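Structural overview
Listed here are the chains, written in short residue letters.
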There are 2 protein chains.
Amino acid sequence: MVAKMKIAILGAGNVGGALGRLWAAKGHSVTFATPNPKSEKVANLLRTIAGTTAATNREAAASADVVALCVPWTAVQEAVQSCGGLAGKILIDATNPLASDLSGLVIGTTTSAAEQIAGWAQGAKVVKAFNTIGAMDFGNARFGSQRADGFYCGDDPAAKAVVKQLVDDIDMEPVDVGPLRNARLLEPLAMLWIDLAVNQRQGTDHGFKLLRR
Amino acid sequence: MVAKMKIAILGAGNVGGALGRLWAAKGHSVTFATPNPKSEKVANLLRTIAGTTAATNREAAASADVVALCVPWTAVQEAVQSCGGLAGKILIDATNPLASDLSGLVIGTTTSAAEQIAGWAQGAKVVKAFNTIGAMDFGNARFGSQRADGFYCGDDPAAKAVVKQLVDDIDMEPVDVGPLRNARLLEPLAMLWIDLAVNQRQGTDHGFKLLRR
């Protein structure tokens, strides 16, 4: 059990507000760090979440064990720098470098194998699939009562219908994740599977599932 | 139900072999495409998987409805081009552009928000977390009897122990996925969550889980 923490939350939006509410309820000391701690918006937030306080970024960070970054990507650099030094602090990065239209990530991902292949195979109906679990789990992807997901993406609906069946044929759960450019998201997911299996030596008995309700 | 397919598998290794075996068992017509269809290795493969055949890449692709790419990334371009035209074919890309030491992807991922933040926050113990599910699911990440995973990564073990508790405190399942550079893998995973929610209008009642057995 970890001790109760002094936590500064940068960003009092949906993410920071939800974390602050839940962490305060668990007994952590939560301060919302904001450029304007006396604003009406902040006062409203504090009224709805018992036991929390507000301070400037610099004040909040200085007295915190843990600083949680919950601001939009475009505001992250300024938020970090406005804290003064963060050396020795635990800095939780809950951000994603999202494009403003939510079409993708603005840093870190640039292309995918699938898109390169589509360039080489002119006219082919490329579908990304079968890349997010090890081959030893093909036909053996049941985990208790669940099947691991076989994610696939592509731009041709008829081709995807065929691949959906081929995924089911190896006893995985077919999950359509959209257009071919989302191979940019499935290839890192595959790398995560591989990293756990190989670099972190956790074996090959794992697979991803998108839970829904 | 999709009709039985004529499938050419490029690459008769672990991935192609496993798919060929499972698809042949489901009644699909499977041909292993290989530069040397009469080799002893290929003959051995055909003996162990009833009903499959072998042909050159060009022959196999020409007569197939579906071509499945199952070769190492370094061999993909040549494999595609050796098929002759693939226009109109369903081309399944099961590859991942892996570095030869499995340390990461050689195309598509270059950095992450978390790594940039670590550069700005000198000395801070950066941990990536809370980015792979929507804030509306914080404290509400149960799906039947399961909790969605709260993935985190970082380079400081003590900081990660704290974050593990903070993940549990919002009622998600803490899953350590390794060093901070694996934020390159968690940020695309977040983008997948967001893409399904926003761009594909599937709502926000979903979350990822790493199944294990």
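Below, the structure is looked at part by part.

What counts as what
- Residues numbered from 1 in each chain as written.
- Chains lettered and ligands numbered in written order.
- Predicted model: local features only at pLDDT ≥ 70, side-chain atom pairs only at ≥ 80, totals over all residues.
- Heavy atoms only, no water.
- Helix = DSSP H or I, 4+ residues; strand = E, 2+ residues; numbered from the N terminus.
- Buried < 20%, exposed > 50% of the residue type's maximum accessible area, 1.4 Å probe, protein only.
- Contact = heavy atoms within 4.5 Å.
- Areas by Shrake-Rupley, 256 points an atom, 1.4 Å probe, with all protein chains shown as cover.
- Lys, Arg positive; Asp, Glu negative; His and termini not counted.
- Charge placed at Lys NZ, Arg CZ, Asp CG, Glu CD.
- Arc of directions from axis to C-beta.
- Buried area = accessible area lost by both parts, 1.4 Å probe.
- Salt bridge = Lys/Arg side-chain N within 4 Å of Asp/Glu carboxyl O.
- Polar contact = N/O pair within 3.5 Å; in protein donor to acceptor, adjacent residues only side chain to side chain.
- Nonpolar A, V, L, I, M, F, W, Y, C, P; charged D, E, K, R; others polar.
- Pairing = 2+ DSSP bridges.

1. Looking at the overall build of chain A
- Along the backbone of chain A there are seven helices and eleven strands.
- The dimensions of chain A, computed from C-alpha atoms along their principal axes, are 60 × 40 × 35 Å.
- Across the 213 residues in chain A, those meeting the buried criterion constitute 58%.
- Of the contacts made within chain A by residues no fewer than 6 positions apart, 60% connect residues no fewer than 24 positions apart.
- Only carbon and sulfur atoms are counted for the fraction: they give 51% of the accessible area of chain A, which is about 8500 Å².
- Across chain A, the 21 positively charged side chains and the 19 negatively charged ones have centroids separated by 9 Å.

2. Some details on helix 4 (residues 73–81) of chain B
- Within helix 4 of chain B, the full set of buried residues consists of W73(B), V76(B), A79(B) and V80(B). Axial view of helix 4 of chain B: buried residues confined to an arc of 90 degrees, hence all on one face. What points out from helix 4 of chain B, more than 90 degrees from its buried face, is the exposed set T74(B) and E78(B).
- Where helix 4 of chain B is buried, its residues meet helix 5 (113–120) of chain A together with strand 1 (6–10), helix 3 (57–62) and strand 4 (66–69) of chain B.

3. Some remarks on the interface of chain B and chain A
- The partner chain A presents 109 residues to the 109 residues of chain B that form the contact.
- Summing both partners gives a buried area of about 8900 Å² for chain B against chain A, and 67% of it is carried by carbon and sulfur.
- Interface area lost by chain B to chain A is led by W120(B), L211(B) and R213(B), which between them contribute 10%.
- Here chain B and chain A share six salt bridges between them.
- Across the pair D93(A) and K128(B) runs a salt bridge whose closest N-O atoms are separated by 2.7 Å.
- Seen at the junction of chain B and chain A, the total is 42 residue pairs in polar contact (both at pLDDT 80 or more).
- If you tally residues by element for the side of chain B that touches chain A, the top one is helix 7 (residues 183–199) of chain B, at 14 residues.
- Of the residues that constitute the side of chain B that touches chain A, the class distribution is 61 nonpolar, 29 polar and 19 charged.
- Note that strand 5 (residues 90–93) of chain A and strand 6 (residues 125–128) of chain B share four bridges and pair parallel.

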